[in-house]
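Next come the chains, spelled out residue by residue.
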Amino acid sequence: MKRLTLAAIAVAVALPAAASQAPIREHLKQELPTWGYSDVDVDGLTRAQVVHINHLLHSNKSPSQIRGNIGAILGDSLLKTLFGRQ
């Protein structure tokens, strides 16, 4: 009985955290292709990656800095970023 209660509490705590990021993830699904990252599985990104990329998109950095920093967050190498994207 205690395990069932703990499992229910864990699910109840996890749902609001995931639900609060749903609009940001939808925004990233629309924005990342414009920055050259159309092949990214946004739902597979960690919460920290989503927050960091969202912050970059709304920063006052140059477009090349934003694109490079997004690549760094996603784990792209410099060569792949420069030559593997359109």
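Parameters at a glance
Residues numbered from 1 in each chain as written. Predicted model: local features only at pLDDT ≥ 70, side-chain atom pairs only at ≥ 80, totals over all residues. Heavy atoms only, no water. Core = buried A, V, L, I, M, F, W, Y, C linked by side-chain atoms within 4.5 Å. Buried < 20%, exposed > 50% of the residue type's maximum accessible area, 1.4 Å probe, protein only. Helix = DSSP H or I, 4+ residues; strand = E, 2+ residues; numbered from the N terminus. Contact = heavy atoms within 4.5 Å. Salt bridge = Lys/Arg side-chain N within 4 Å of Asp/Glu carboxyl O.

Counting residues in hydrophobic clusters, the biggest one holds 13 residues, and the most contacted among them are L28, L32, W35, I53, L57 and I70. The set of elements that each furnish at least two residues to this core consists of α3 (47-57) and α4 (63-74). At four residues, the largest contribution of residues to this core is made by α3. Excluding anything up to four places from it in sequence, I70 contacts L32, W35, Y37, I53, L56 and L57.

Glancing now at the pattern of salt bridges. A side chain with one charge can pair with a side chain of the opposite charge if their charged atoms come near. In the structure shown here, the tally under the stated rule is two salt bridges. A salt bridge links E26 to K29; the nearest nitrogen and oxygen atoms lie 3.3 Å apart. In this pair, E26 and K29 both sit in helix α2 (residues 22-31), three residues apart, roughly one turn of the helix. Classification of K29 by relative accessible area gives partly exposed; the value is 34%. Across the pair D43 and K29 runs a salt bridge whose closest N-O atoms are separated by 3.2 Å. Of the two residues, D43 sits in the loop between α2 and α3 while K29 sits in helix α2, which places them 14 residues apart along the sequence. Through salt bridges with shared partners, one network takes in E26, K29 and D43.

Treat this as a map of the structure, not an account of what it does.
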